[in-house]
Amino acid sequence: MALRLEDKKAIVAGVNETAVSALSLVIADARGCSVSQMTELRKQARAANVDVRVVRNTLAKLALKGTDFECAETAFKGPSLLAFSMEDPGAAARIFKDFAKDHKNFEVKALAVSGQLMGADQLDVLAKLPTREQALSMLMSVMQAPVTKLVRTMNEVPGKLVRTLAAVRDQKEAA
């Protein structure tokens, strides 16, 4: 079914609005996946705040002009499924990686993060990025380590004194 010009403009504006606020983009080819499989993928994506869209390549190229994902223009060959990660840069990559394990027809074509286009082989790198909560907990543990070490060191001085006094007492009692 042919789209009217107004519909095309609305699609381009919607994708552009999403792309401006997104952190990463994953492009995949979903040929051969059933409707129920795609529904399952979209459900997982909604839960992770990932915006999944199927857009014509020409409209996608127009929509991504002027955004960080303009570099992905060369990846638009054949059917394209776009996944924009809105909160966590690795969310779309994790979802697509897990989905591709179970569905052999699903193929990731490219990734784009911060104006850099990466191949599908870099999917693991993006998928292994920690979530915000994981990154904060790692930061807190790094910040807490020096304080903990200082407290242990300061606690060791009176402990050593007590052990020395106990050893002297035991030595006097034995003599």
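Starting from 1, residues in each chain are numbered consecutively following that chain's sequence as written. In keeping with the model being predicted, local features are shown solely for residues with a pLDDT of at least 70 and side-chain atom pairs are shown and tallied solely at 80 or more, while totals for entire chains, interfaces and linings include all residues. As a convention, hydrogens and water are excluded, and side-chain values are obtained from all of the structure's heavy atoms.

Secondary structure elements are taken from DSSP: a helix is a run of H or I of four residues or more, a strand is a run of E of two residues or more, and numbering for both begins at the N terminus. The length a helix should cover is 1.5 Å for every residue beyond the first. Between its first and last C-alpha, helix H1 (residues 5-21) extends 25 Å over 17 residues, near the 24 Å set by a 1.5 Å rise per residue. Per-residue accessibility, obtained with a 1.4 Å probe over protein chains only, is compared with the maximum for each type, and a residue is labelled buried under 20%, exposed over 50%, and partly exposed between these values. Where H1 is concerned, the buried positions are Val12, Gly14, Val15, Thr18 and Ala19. Relative to the axis of H1, the buried residues are bounded by an arc of 165° and lie together on one face. The outward face of H1, more than 90 degrees from its buried face, is lined by the exposed residues Leu5, Glu6, Lys9, Ala10, Glu17 and Val20. In this description, contact between two residues means that some pair of their heavy atoms is separated by no more than 4.5 Å. The inward-facing, buried residues of H1 contact strand E2 (50-54), helix H3 (57-64) and strand E3 (81-85). Here the arc refers to the directions that run from the helix axis out to each C-beta atom.

When DSSP finds at least two bridges between two strands, those strands are taken to pair. The antiparallel open sheet is built from five strands, whose spatial order is E2-E3-E1-E4-E5. Bordering the open sheet on either side are E2 and strand E5 (116-119), each of which pairs with just one other strand. Here the average twist between neighbouring strands, direction ignored, is 20°. Here strand E1 (residues 24-29) pairs with strand E4 (residues 107-113) via six bridges, running antiparallel. Paired with Ala28 across the two strands is Val108, which belongs to E4. Think of each axis as a best-fit line through the C-alpha atoms, taken over the contacting stretch in the case of a helix, with angles from 0 to 180 degrees between the N-to-C directions. Docked against the sheet, H1 engages E2 and E3, running at close to 150° with respect to E2.

A carboxyl oxygen of Asp or Glu within 4 Å of a side-chain nitrogen of Lys or Arg is what we treat as a salt bridge. Here the structure, examined in full by the defined rule, presents nine salt bridges. Among the salt bridges present, the one from Lys65 reaches Glu73, with a minimum N-O distance of 3.5 Å. On the basis of relative accessibility, which here comes to 32%, the residue Glu73 falls in the partly exposed class. Its salt-bridge partner being Arg94, residue Asp88 comes within 1.9 Å of it at the nearest N-O pair. Given the relative accessible area of 11%, Asp88 is considered buried. A cluster of three or more residues bridged by salt bridges with shared partners is formed by Arg4, Glu6 and Asp7.

A separate point is the environment of Val15. Note that Val15 resides in helix H1. Taking the relative accessible area as the measure of exposure, Val15 reaches 1% and is therefore buried. The spacing of Val15 and Cys71 is 56 residues in sequence and 15 Å in space, taken between C-alpha atoms.

With that settled, consider the pairing of E1. Extensive coverage of E1 is indicated by the burial of six of its six residues. Neither face of E1 is open: one carries Ser24, Val26 and Ala28, the other Leu25, Ile27 and Asp29, and all of them are buried. Note that E1 and E3 share five bridges and pair antiparallel. Paired with Val26 across the strands is Ala83, a residue of E3.

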